[in-house]
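# Remarks on the overall topology
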Amino acid sequence: MTSAIPVSQARISAIGTHVPERVLTNRDLERLVETSDEWIVQRTGIHERRIAANDEFTSDLCVKAVENLVERHQVRLADIDFVIVSTATPDAPFPSVASQVHHRLGLSRTAGAIDISAACAGFVHGLNMANALITSEQCRKVLVIGAETLSKITDYTDRTTCILFGDAAGAVLVEHDSKEPSFIRSVSTTDGSAGIHLYCSGIADRIGGKPILRNGKLVQNGREVFKIAVHTLVREIPPLLAEEGLTPGDLDLFVPHSANIRIIEAVCSRIGIPMEKVLFSATRYGNTSSASIPLALKDGMDAGKLKRGDLVLLSGFGGGFVHTSTLIRWTI
Ligand SMILES: CC(C)(COP(=O)(O)OP(=O)(O)OC[C@H]1O[C@@H](n2cnc3c(N)ncnc32)[C@H](O)[C@@H]1OP(=O)(O)O)[C@@H](O)C(=O)NCCC(=O)NCCS
């Protein structure tokens, strides 16, 4: 699906994030599995990640991220009319994290709440959905939250996965604004045949007809995921920009899902985006799936790298295999 959004009436107007207190460094991981700080940094760019406490769950991180957003931007929550939570690690299959966040934030009874499942692409999908709800005049203010407690589904005896993932939440407010809309154009792609390469088992014993490991933990074929991610972004980004008469060189910033610095370097070198234009959150937080893009945006803003009016490409990609790239104008 590719779509121009010439009549977008939605503006991203506020952002907040939260990470758990506990830091898990590469040195800590050396004590758990046969690995080294040097290997992890060289292969992934990750130095440390945050880990939720035993009694801390995705909904807790969501509420704190929204509290941070409210504090930073003095936002009134009373007139929010929809909350979308992207997560692969909900507190429970149901009720949704969004419904629990709705309750704990005391949102209006008439506000909708929904979780979306699109792994590491979910936050960008959520933004697109918020834009659609607002532009079609069904809503005026939508909270979009990307949040994960991936540590709960990580196997800390598997060195090929446990070095990668961390816990975090990021929230943005999208609101009606026809004068300064954020959304320009988007492309989404899906390849369900690659689902077997990155999964966490649930109630079924197979994916795409193939038997899977049923331990309730994240399982990954890292090399395949790497190749699919690079191939997909290199194939999809230049045509998306070309539809707007742009080239990668026209972007002020590129904010891909912070999975691994080498995936991003491979994409950037192939399509011609200098690494100085990338915002990357995994150095300090690891791969936080749905939360990685809002973390990178907020830290980028606070560091003075991301400024109002910047032309920014957001690219979410991950388990499915799913991908969404959305071109926006930064409007905070
Ligand atoms: C996981 C990943 C970092 C592994 O790096 P890689 O260069 O592909 O490594 P390989 O799997 O080829 O393994 C190379 C060697 O390192 C070893 N190795 C794997 N994990 C290791 C670790 N944590 N520490 C040290 N050695 C490790 C392997 O066992 C292998 O050893 P061998 O050659 O003796 O068999 C890489 O594949 C990757 O980043 N994939 C994408 C993951 C991702 O981003 N997922 C989320 C997408 S949303």
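Residues numbered from 1 in each chain as written. Predicted model: local features only at pLDDT ≥ 70, side-chain atom pairs only at ≥ 80, totals over all residues. Heavy atoms only, no water.

## What about the packing of aromatic side chains?
- The full count for this structure, using the stated rule, is zero aromatic pairs.
- A cation over an aromatic ring shows up here: Lys 152 above the ring of Phe 57, its NZ or CZ 4.6 Å from the ring centre. (Phe/Tyr/Trp six-rings, centres within 6.5 Å; stacked < 30°, edge-to-face > 60°. Lys NZ or Arg CZ within 6 Å of the ring centre and 35° of its normal.)

## Here's the deal with the environment of Ser 108
- Tracing the backbone shows Ser 108 in the loop between helix H4 (97–105) and strand S6 (112–116).
- Between the C-alpha atoms of Ser 108 and Asn 215, which are 107 residues apart in sequence, the distance is 39 Å.
- Sequence-distant contacts of Ser 108, that is, excluding residues within four places in its chain, are made with Ala 78 and His 102. (Helix = DSSP H or I, 4+ residues; strand = E, 2+ residues; numbered from the N terminus. Contact = heavy atoms within 4.5 Å.)

## Remarks on the nonpolar core
- Counting 43 residues, the largest nonpolar core has Ile 237, Leu 251, Phe 254, Ile 263, Val 267, Leu 313 and Phe 317 as its most contacted members.
- Secondary-structure elements contributing two or more residues to this core are helix H6 (222–242), helix H7 (261–271) and strand S15 (311–318).
- The element that contributes the greatest number of residues to this core is H6, accounting for eight residues.
- The residues contacting Phe 254, other than those within four sequence positions of it, are Ile 237, Val 267, Cys 268, Ile 273, Lys 277, Val 278, Leu 279, Leu 313 and Ser 315.
- Ile 12, Ile 15, Cys 139 and Val 172 belong to the second largest nonpolar core, which has 31 residues in total. (Core = buried A, V, L, I, M, F, W, Y, C linked by side-chain atoms within 4.5 Å. Buried < 20%, exposed > 50% of the residue type's maximum accessible area, 1.4 Å probe, protein only.)

## Brief notes about the domain arrangement of the chain
- For the chain, the domain assignment lists domain 1 (2–176) and domain 2 (183–329).
- Centre-to-centre separation of domain 1 and domain 2, based on C-alpha positions: 15 Å.
- Of the residues lining the interface, 54 residues belong to domain 1; the matching set on domain 2 comes to 46 residues.
- Both faces combined, the contact of domain 1 with domain 2 buries some 4,000 Å², and carbon together with sulfur accounts for 61% of it.
- Contact with domain 2 buries area across many residues of domain 1, yet Cys 120, Val 124 and Ile 153 alone supply 15% of it, more than any other trio.
- Our enumeration of links across domain 1 and domain 2 arrives at one salt bridge. (Domains from an automatic or database assignment. Buried area = accessible area lost by both parts, 1.4 Å probe. Salt bridge = Lys/Arg side-chain N within 4 Å of Asp/Glu carboxyl O.)

## A closer look at the site of the ligand
- Near the ligand you find 22 residues, and of these Thr 35, Arg 43, Gln 220, Arg 223 and Asn 260 are the closest.
- Contacts to the ligand include Arg 43, whose side-chain N or O atom sits 2.5 Å from an oxygen atom.
- Measuring from a nitrogen atom of the ligand, one finds a backbone N or O atom of Gly 222 at 3.0 Å.
- Elements that contribute at least two residues to the shell around the ligand include exactly helix H2 (37–44), H6, H7 and S15.
- Top element by residues in the shell around the ligand is H6. It accounts for four residues.
- Among the residues forming the shell around the ligand, the class breakdown is eight nonpolar, nine polar and five charged.
- Residue contributions to the shell around the ligand reach at least three from each of two domains, namely domain 1 (2–176) and domain 2 (183–329). (Near = heavy atom within 4 Å. Polar contact = N/O pair within 3.5 Å; in protein donor to acceptor, adjacent residues only side chain to side chain. Nonpolar A, V, L, I, M, F, W, Y, C, P; charged D, E, K, R; others polar.)

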